[in-house]
Amino acid sequence: MSEDAYKKAFERERNARKEAERITELKSRELFELNSALKLLNDELELRIKERTSELETARNRAEANTKAKSEFLSMMSHEMRSPLNVIVGLTELLDQRELEEPEGGYVRNVRFSALQLLNLINDILDLSAIEAGKIVFESTPFDVTYAVDQVFKALEQRAIDKGLTWAKSVPDNLPVPLQGDASKLNQVLINLLDNAIKFTRDGGVELSLDQLQNRGNEGEVWIAVEVTDSGKGISEENMDRIFGKFEQENTSTRRVHGGSGLGLAISKQLIELQGGSISCSSEVGKGTTFRVELPFRYEGRVSEDVGARDWSQVNLVGLRLLVVEDLEVNRMLLRQMLRNKGIVMFEAENGKESLEVLKEHDVDLILMDLHMPEMDGIEATQRIREGRVKRVNAEIPIVCLTADVFKETKEAIFSAGMNDFVTKPLEMRRLYQVLSHWRKQIDARNAALS
Ligand code: ADP
């Protein structure tokens, strides 16, 4: 290669390298700038995320505070509204047992039914709020499903008869007893279905049937199917999905003609599904409707205890020394009436403070303790007893709470204060006898061990 050509080639190569360096430098700078911009963007994004997180946290705190306020409001209202209603339900139950002549007997049943309806509405709203807050609790107590269904069936019978409807029930007589589960939630669903069946049927009748699903479920589980069939107006195909929604009725004239809030089926569905069961509906317009519920219960075999006994009024409570702590005289009177002729020695106190005074003076086997009371509430009184601060009293004395409150928090508070059990208001004789006889047995067993 000539010297000239060599120089040129060298020059070309140098220029090319320079160009490459320039391009590299340019690209590096661009990359650097991009990186800086990216970092800026990143910082900004982080800042925004922080801001948003804090906004969301504030919103969540506010929502939680709102839910808490709503819960507290509902809990308070439920107490205020349920107390007088409980009295009406309880007293009309007592009146009804006197087997009054007609038409007075019918009047009493109607008053009782209306009070129960009101209680139901309050319970519906409370339940919905508890379900929505994820706070619904299911009881697991032994009960006799045949008896429970029979009670609901009897309670609504008069309404069906008044409407001129046939009212039939088919229940096999070998259903396992006792099942373990939430009898009051089952009642609630049944009342809703039977009430609807009567409401939407003009001619013909309503039939309730109960059955055990064979070969279903795990060991220790019993599945019960309940069907409510009516020959009423039916539900159209396109409305079938809507009826299980909240505040949903088939059409706007339903409320005008039949009343109701449109909450019943929505709550029933949630209550059933939360317990692992299902509800379905089949219907033909103008012909009638069948609602079918399938629900699992625990079954631990037939126990010899009188849990399954049908006639709870036969329970032996003679000699039981019972302290009733309740601020409302009418409720104390109701308990006096319910426990009359049982041979129970009953002491009474109007609030927690007074109960401690009574306990200093008298030996008592069992305490029925209301929650909300003036001067000292049931929680504080229980805590004092459990701390062993009350003279003469065994700190382990069984305490059963009387409560109208269905909230999980309340139930947790009851047990963490040291109470052993609870009975919900309105007081049902059967449940009261059941609880008293359960604790009577524990007390007798303890005394036998001590002697
Ligand atoms: P409510 O009874 O308070 O209206 P529900 O949630 O219990 O509320 O029922 C929702 C709607 O479903 C009712 O308004 C009615 O339109 C329809 N429905 C429920 N049960 C029946 C029935 N057995 N026959 C005909 N329609 C029914």
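Residues numbered from 1 in each chain as written. Predicted model: local features only at pLDDT ≥ 70, side-chain atom pairs only at ≥ 80, totals over all residues. Heavy atoms only, no water.

## A word on the packing of aromatic side chains
The criterion, for reference: To pair, rings of Phe, Tyr and Trp, with the six-membered ring standing in for Trp, must have centres within 6.5 Å; the planes then decide the type, stacked if under 30 degrees apart, edge-to-face if over 60, and tilted in the middle. Numbered from the N terminus, helices here are DSSP runs of H or I no shorter than four residues, and strands are runs of E no shorter than two. Each residue is placed in one exposure class: buried if its accessible area under a 1.4 Å probe, protein chains only, is under 20% of its type's maximum, exposed if it is over 50%, and partly exposed if it falls in between.
In total, this model carries 4 aromatic pairs according to the counting rule given. Judged by centre distance (4.9 Å) and plane angle (15 degrees), the rings of Phe153 and Trp167 are stacked. Of the two residues, Phe153 sits in helix 3 (residues 145-162) while Trp167 sits in strand 2 (residues 166-170), which places them 14 residues apart along the sequence. Taken individually, Phe153 and Trp167 each receive the classification buried, so the pair is uniform in this respect. Each ring, one from Phe415 and one from Phe422, has its centre 6.0 Å from the other, and the planes form 65 degrees; the classification is edge-to-face.

## Points about the pairing of strand 11 (residues 399-403)
Within a regular strand, the side chains alternate between the two sheet faces. The condition is simple: Pairing between strands is defined by DSSP: at least two bridges between them are needed. A right-handed crossover is one whose linking path, passing over the helix from the first strand to the second, runs clockwise when the strands point away from the viewer.
Taken across its 5 residues, strand 11 has 5 buried, putting it largely inside the fold. Here strand 11 shows a buried face lined by Ile399, Cys401 and Thr403 and a second buried face lined by Val400 and Leu402. Here strand 10 (residues 366-370) pairs with strand 11 via 4 bridges, running parallel. For Asp370, the partnering residue across the bridge sits in strand 11 and is Leu402. Assessed by its sense of winding, the connection that carries the chain from strand 10 through helix 9 (residues 378-386) to strand 11 is right-handed. Note: strand 11 against strand 12 (residues 421-424), 4 bridges, orientation parallel. Opposite Leu402, over in strand 12, you have Val423 as the bridge partner.

## Description of the pattern of salt bridges
Stated formally: Each reported salt bridge corresponds to a side-chain nitrogen of Lys or Arg within 4 Å of a carboxyl oxygen of Asp or Glu.
Tallied over the full model, the rule gives 31 salt bridges. When the shortest N-O distance is used, the salt bridge between Arg60 and Glu64 registers 3.9 Å. Here Arg60 pairs with Glu64, and both are found in helix 1 (residues 3-97), just 4 residues apart, close to one helical turn. For Arg60, a relative accessible area of 49% translates into the label partly exposed.

## Observations concerning empty space enclosed by the protein
One simple way to see leftover space: roll a probe sized like a water molecule over the atoms. Stated precisely, the cut-off is as follows: Any residue with an atom within 4 Å of a point lines the site, the site being either a cavity, points on a 1 Å grid over the protein atoms alone where a 1.4 Å probe fits but cannot get out, or a pocket, an open set with protein on both sides within 12 Å along at least 5 of 7 lines. Grid points are joined across faces, edges and corners, and a volume is the space filled by probe spheres set on the points. Gly counts as polar in this scheme, as do all residues outside two lists: the nonpolar Ala, Val, Leu, Ile, Met, Phe, Trp, Tyr, Cys and Pro, and the charged Asp, Glu, Lys and Arg.
Going through the model one piece at a time under the given rule, you end up with 1 cavity of 30 Å³ or more. The calculated volume of the largest cavity comes to roughly 30 Å³. Lining the largest cavity, in full, are Lys185, Leu186, Val189, Leu271, Ile272, Gln275, Val293 and Leu295. Looking at the lining of the largest cavity, the elements that each hand over two or more residues are helix 4 (183-199), helix 6 (264-274) and strand 7 (288-298). Of all the elements, helix 4 adds the most residues to the lining of the largest cavity, at 3 residues. Looking at the lining of the largest cavity residue by residue, the classes come out as 6 nonpolar, 1 polar and 1 charged.

## Regarding the sheet that holds strand 8 (residues 321-325)
Quick reminder of the rule: Under this scheme, a helix contributes an axis fitted over its contacting stretch, all axes are lines through C-alpha atoms, and angles between N-to-C directions fall in the 0 to 180 degree range. Contacts are assigned to residue pairs with any non-hydrogen atoms lying within 4.5 Å of each other.
If you walk across this open sheet you meet the 5 strands as 9-8-10-11-12, and the pairing is parallel. Strands at the two margins of the open sheet, each flanked by one partner only, are strand 9 (345-349) and strand 12. The average angle at which neighbouring strand axes cross in this sheet is 20 degrees, direction not considered. The pairing of strand 8 with strand 10 spans 4 bridges and is parallel. Considered in strand 10, the bridge of Leu323 is made with Ile367. Seen against the sheet, helix 7 (residues 329-339) touches strand 8, strand 9, strand 10 and strand 11 and runs at an angle of roughly 175 degrees to strand 9.

## A closer look at the confidence of the model for the protein chain
So the rule is basically this: Confidence scores per residue from the predictor, reported as pLDDT, run from 0 to 100.
In the predicted model, the protein chain carries a mean pLDDT of 86, and 93% of its residues have values of at least 70. Segment residues 303-309 is flagged for pLDDT under 50; beyond a separation of four residues in sequence, or across chains, it makes 12 contacts in the model.

## So, the environment of Pro426
Relative to the helices and strands, Pro426 is located in the loop between strand 12 and helix 11 (429-450). Not counting residues within four places of it along the chain, the set of residues in contact with Pro426 comprises Asn86, Val89 and Leu119.

## Observations concerning the packing of helix 7 against helix 11
A pair of packed helices can be characterised by two numbers: the angle between their axes and the separation between those axes. Selection rule: Oblique is the label for any angle not covered by the other classes, which are roughly parallel (under 35 degrees), roughly antiparallel (over 145) and roughly perpendicular (65 to 115).
Packing of helix 7 against helix 11 leaves a shortest axis separation of 11 Å and a crossing angle of 75 degrees. The pairing of helix 7 with helix 11 is recorded here as roughly perpendicular in orientation. Seen from helix 7, the contacting residues are Leu335, Met338 and Leu339; seen from helix 11, they are Met429, Leu432, Tyr433 and Leu436. Classifying every residue of the contact of helix 7 with helix 11 by side-chain character gives 7 nonpolar, no polar and no charged.

## Remarks on the side chain of Asn331
On the secondary structure map, Asn331 appears in helix 7. By relative accessible area, Asn331 is classed as buried at 6%. Residue contacts for Asn331: discarding those within four places in its chain leaves Val87, Glu326 and Lys425.

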